[in-house]
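Observations on the model geometry
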Amino acid sequence: MAGQNQYNSRTLSTYLPSDTKIFALGGLGEVGKNTYCIECNDEIIIIDAGVMFPDDSLLGVDYVIPDYTYLIRNQKKIKALLITHGHEDHIGGIPYLLKVCSISDIYASKFAAGLIQKKLEEHRMSNRAVIHIINKDSRFTSKYFHIGFFDITHSIPDSYGLAIQTPNGWILSTGDYKFDLTPIGSNADYQRISYMGEFGIDLLMSDSTNSEVPGFSISEKTVAKSIDEIMEKTKGRIIIATFSSNVHRIQQIISAAIKFGRKICVIGRSMENVVQIARDLGHIKAKDDDFIEPTLLDSYQANKLCVLCTGSQGEPMAALSRIANGSHRFVTIIPGDTVVFSSNPIPGNASSVNGVVNNLTRLGAIVLTNSMLNNLHTTGHANKEEQKLMLQLVKPRFFMPMHGEYKMLRMHADTATEVGVPADHIFICANGDILVLRNHEVYMCDTNRIQTDDIYIDGNDSSGIATAVLKDRQVLANNGLVSVIVTINSQNNTILCRPNIVSRGFIFIKEGQELLRDAELVVYKAVRRKMAQKTTFGEIKNCIRESLEPYFYSKTHRNPIIIPVILNHIDGQALRKR
Ligand SMILES: [Zn+2]
Ligand SMILES: [Zn+2]
C-alpha cells in the first residue's frame, strides 16, 4: 500500500531513543480502554487508563483492560499518568494498572480526581499514587515533556485536552470532546486551541467516536428544554434514567424538577455516588431538602415527585431494570407513571433496553425514549462537522484519529483529507503500532510493534487467569460438557463396569442416547487397551479424552469439554480421583 497519497505511507524501519514515540495500548480499533503512551529517551507519559465493557460474547467478564506488559517492563521510565476526564473508558483501568505497575503521580481534573479517589478506596489502594489536581492553567514538566491542559466540552465536567511539547515537536490530543456553542458547564477553549494551531501543531490526535454522524450534534441546552417541558406537562410521577457520569444532564433534571415543584429521589449506587461528589464539588446545585429518601416516596403526591435512577442501558442489576421487573425495594410502577430515558442505548445494549421498555409498558408506564422529535439526549462526542472545525482550528501537519473502532478512524481520516490534510500525513493506527515523531516529521514504524492484547477481568482477578476461564466458558456455551465416569481397580488393572457418560448442553439427550451409549463403548475399549499395560491415572484420563474427542467430532462436529472422572475401587474402598 506504500506510495504517495495513501494513509500510513510514510514509514521508518528503525527509530532512535531520542525520537518521540506515540502508541496506544488501548483505544484504537475499539471504543474503550483508552491508554495512550508517549515516550522519549528514558521517559514515558501515559494518557488515560481506561476499561472496556465486554460484549455479549464475553460470558461473565466484568471488564476488559489492556495488556500492561510494556509498561511493567519499562516502569522506571514512567513519569506520570495524565487523565483527560472521569469516564470509565479513561479511568476504569487505573486500579488494575497500579496493581502491576508502580506509578507515583496521577494528574487529573477535580471531578475526575474525585471519581478516581473513590475507585482507589474501593480497591483499598488509596495510598498507591498521589493524585495532583489540574486545571487549565496547570503545567506538567519533566526532562523531555512540557504539557498544558485546555478546556473542552464533553458529557462529564472538568474535561481537558492536552498540548504536549516534546523534543521533536508538538502534539495536541483532544481527549473526548464535542463543540457545543450553548453548553451546560464549561465552554471549549476555542481561543487557546486556535492559538496552538497558529503556533504550529505537528501531530493532532482526535476523538473519532461520531465520525460517521453527519452535521453538528445538538446542544445540551436543547435537551434541557425538552426535560423542562416534560417536567411541566406530566401529570403523574416521573422516573428518569440517564448515565450517572453525565453530571450536566443530572443538574438539568434536578433544576427542572425543582422548578416545577417536584422532590427528587436518587436511586442506584453509582447515581448516589456521583450526585454526592458533584454536589460536594459544586457541579450540582441543589439544597438538601430538594431530595427525599426512597422510603418517603409514598408520602408525596405523584405530580410532586421525580425519581432519578441508573439503568438507562438496561443493565440487569441497575435500578430501572429492577423497577421494570417489579423487584425494586422502594419503587413500584403505578399505572400513569412516566419513565424517561435521557440516553441512547450504546450499540450492543439495544435489546436489553428494549426488554426494560416492554416490561415498564406492561406495568402501565408511559415510556419516553430519545428520538429526533423529542431531543431527550445528546452525545458527548463531536459529529463530523465539529471534527472538521477541530481540524480547521488546529491545522495539524500530521493527523492520527483516535478513540474509535476501525471504521470510525477511517471515516475521520477521510474527513481530515476533506479539510486539506494530505492523505500521506494521516495515520490510521491499531493498538501497538508505533508512530515516530522526529524533527517535526511523523512516520509509522513498519518493523516493530508494542505487545498489546485484551485482558479479561472477572471479579477482582487481573492475573489473566480469567482469560483461560473465559475460553472454557465459550467452549461450554458453544459445545457443552461431557463427563465420563470410569470405575477401575488399579490393583489388578481392571475396569469394573461399563463407563458412564453424562452430558450437559452437548446434545439433546433423547436423540443422543444411542450416540452416548456408543461413546461409552469407545471409551471402554480404549481404556481396556490402555490398562493392558502399566499406566497412570493421568494417562487414563488422556486416553479417555483422546478417544472421545475425535469420536464426538466425527458424529456431531462439536468439541465439548470432556471431564474424565476415575473411580478407583481397592478392596471395596472407593477412592474418587479427578
Ligand atoms: Zn468520555
Ligand atoms: Zn471516551
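Residue positions are given per chain, counted from 1 along the sequence in the order it is written. Numbering of ligands from 1 and lettering of chains from A proceed in the order in which they are written. This being a predicted model, a pLDDT of at least 70 is required before a residue's local features are given, and a value of 80 or more before pairs of side-chain atoms are given or counted; all residues contribute to the totals for chains, interfaces and linings.

1. With respect to the overall build of the protein chain
To keep things clear, this is the line we draw: For helices the rule is a DSSP run of H or I covering at least 4 residues; for strands it is a run of E covering at least 2, with both sets numbered from the N terminus onward. Residues are defined as contacting one another if the C-beta atoms placed from their backbone atoms lie within 7 Å.
When helices and strands are counted, the protein chain shows 15 helices and 27 strands. Across its three principal directions, the C-alpha atoms of the protein chain cover 90 × 70 × 45 Å. Of the contacts made within the protein chain by residues no fewer than 6 positions apart, 72% connect residues no fewer than 24 positions apart.

2. Here we look at unusual backbone geometry
The residue His-403 is not glycine, and still its phi comes out positive at about 55 degrees. Looking at the secondary structure, you find His-403 in the loop between β19 (398-402) and α12 (406-418). If you check the backbone angles, Asn-493 has positive phi at about 55 degrees while not being a glycine. Tracing the backbone through its elements, the reader meets Asn-493 in the loop between β23 (481-489) and β24 (494-495).

3. Structural notes on the domain arrangement of the protein chain
Accessible area lost on assembly of the parts is the figure often given for the size of an interface. The condition that has to hold: As annotated, the domain borders come from an automatic or database domain assignment.
Splitting the protein chain by domain gives domain 1 (11-215 + 379-465), domain 2 (220-368) and domain 3 (480-577). In this structure, domain 1 and domain 3 have C-alpha centres spaced 53 Å apart.

4. Describing the nonpolar core
Rules: A set of buried Ala, Val, Leu, Ile, Met, Phe, Trp, Tyr and Cys residues, joined through C-beta atoms within 7 Å, is what we mean by a nonpolar core. Exposed residues have 12 or fewer other C-beta atoms within 10 Å of their own C-beta, buried residues have 20 or more, and residues in between are partly exposed; the C-beta atoms are placed from the backbone.
Counting 138 residues, the largest nonpolar core has Leu-82, Leu-203, Val-307, Leu-308, Cys-309, Val-394 and Leu-435 as the members making the most contacts within it. For this core, the leading source of residues is helix α7 (residues 247-259), giving 6 residues. What Leu-203 contacts, discounting residues up to four positions off in sequence, is Ile-22, Ile-171, Pro-396, Phe-398, Met-400, Leu-437 and Val-442. Val-484, Leu-548, Phe-552 and Ile-562 belong to the second-largest nonpolar core, a separate cluster that totals 16 residues.

5. Quick word on the sheet that holds strand β2 (residues 20-26)
The cut-off we apply is this: Strands were regarded as paired on the criterion that DSSP finds at least two bridges between them.
Strand order in this open sheet of 9 strands is β1-β21-β20-β2-β3-β4-β6-β7-β8, and the pairing throughout is mixed. What marks the edges here is a single partner per strand, and that holds for β1 (11-12) and β8 (130-134). Relative to strand β3 (residues 35-40), β2 runs antiparallel, the two sharing 5 bridges. Considered in β3, the bridge of Ile-22 is made with Ile-38.

6. As for helix α8 (residues 269-280)
For an α-helix, 3.6 residues make a turn, and residues three or four places apart therefore share a direction. The line we're drawing: For a helix, the expected span equals 1.5 Å multiplied by the number of residues minus one. Note: the arc covers the axis-to-C-beta directions of the helix.
Over its 12 residues, α8 runs 17 Å from end to end, which matches the ideal 16 Å to within 8%, given 1.5 Å per residue. Turning to α8, its buried residues are Met-271, Val-274, Val-275, Ile-277 and Ala-278. Angular distribution of buried residues about the axis of α8 spans 170 degrees; they occupy a single face of the element. The exposed set on the far side of α8, more than 90 degrees from its buried face, consists of Arg-269 and Asp-280. Contacts from the buried residues of α8 go to α4 (110-122), α7, β15 (263-267) and β16 (305-309). Gly-282 sits one or two positions beyond α8 and adopts a positive phi of about 80 degrees.

7. Quick look at the sheet that holds β19
Keep this limit in mind: Whenever a helix is involved, its axis is fitted only over the stretch in contact; in every case the axis is a line through C-alpha atoms, and angles between N-to-C directions fall within 0 to 180 degrees.
Here 6 strands make up an open sheet; going across it, the order is β9-β10-β11-β12-β13-β19 and the pairing mixed. Each of the sheet's edge strands pairs with one partner strand only, and the pair in question is β9 (139-141) and β19. Pairs of neighbouring strands in the sheet enclose a mean axial angle of 20 degrees, with direction left out of account. Summarising the sheet, β9 and strand β10 (residues 146-152) pair through 3 bridges and their orientation is antiparallel. Bridging across to β10, Thr-141 finds its partner in His-146.

8. A closer look at α7
Across its 13 residues, α7 extends 18 Å between first and last C-alpha, which sits within 8% of the 18 Å expected from 1.5 Å per residue. Most of α7 is tucked away, with 10 of its 13 residues classed as buried. Along α7, the positions that sit buried rather than exposed are Val-247, His-248, Arg-249, Ile-250, Gln-251, Gln-252, Ile-253, Ile-254, Ala-256 and Ala-257. In the stretch just after α7, Gly-261 is the one whose phi turns positive, near 70 degrees.

9. A closer look at the pairing of strand β6 (residues 78-82)
The element β6 is extensively covered by neighbouring structure, given that 5 of its 5 residues are classed as buried. Bridge analysis of strand β4 (residues 43-47) against β6 gives 4 bridges, and the strand direction is parallel. Across the sheet, the residue bridging to Ile-45 is Ala-80, located in β6. By the bridge criterion, 2 bridges tie β6 to strand β7 (residues 105-109) in an arrangement that is parallel. When the sheet's bridge partners are listed, Leu-82 is paired in β7 with Tyr-107.

10. Overview of the environment of Ile-457
Inspection of the secondary structure assignment puts Ile-457 in strand β22 (residues 454-457). For Ile-457, a count of 22 C-beta atoms within 10 Å puts it in the buried group. Note: C-alpha distance between Ile-457 and Asp-433 (24 residues apart in sequence) is 24 Å.

11. Thoughts on the environment of Ile-156
Its location among the elements puts Ile-156 in the loop between β10 and β11 (159-166). C-beta crowding within 10 Å serves as the criterion here: with 25 such atoms nearby, Ile-156 is assigned to the buried category. Sequence separation between Ile-156 and Tyr-177 is 21 residues, and the spatial gap between their C-alpha atoms is 9.9 Å. For Ile-156, the residues in contact, after removing those within four places along its chain, are His-85, Gly-86, His-87, Phe-111, Ser-245, Asn-246 and Val-247.

12. Notes on the packing of helix α6 (residues 220-233) against α7
Keep this limit in mind: Left-handed describes a crossing whose near helix is turned anticlockwise from the far helix by less than a right angle; the clockwise case is right-handed. For this scheme, ten residues count as nonpolar: Ala, Val, Leu, Ile, Met, Phe, Trp, Tyr, Cys and Pro. Four count as charged, namely Asp, Glu, Lys and Arg, and the remainder, Gly too, count as polar.
The interhelical angle for the contact between α6 and α7, taken along N-to-C directions, is 35 degrees, at an axis separation of 9 Å. In the crossing of α6 with α7, the sense of the turn from one axis to the other is right-handed. Contacts between α6 and α7 involve Glu-220, Val-223, Ala-224, Ile-227, Asp-228 and Met-231 on the former and, on the latter, His-248, Arg-249, Gln-252, Ile-253, Ala-256, Ala-257 and Lys-259. Its residues assigned to classes, the contact of α6 with α7 comprises 7 nonpolar, 2 polar and 4 charged.

13. Comments concerning the environment of Ser-18
Along the polypeptide, Ser-18 turns up in the loop between β1 and β2. Judged by the 12 C-beta atoms lying within 10 Å of it, Ser-18 is exposed. When residues no more than four places from it in sequence are discounted, the contact partners of Ser-18 are Cys-40, Asn-41 and Pro-167.

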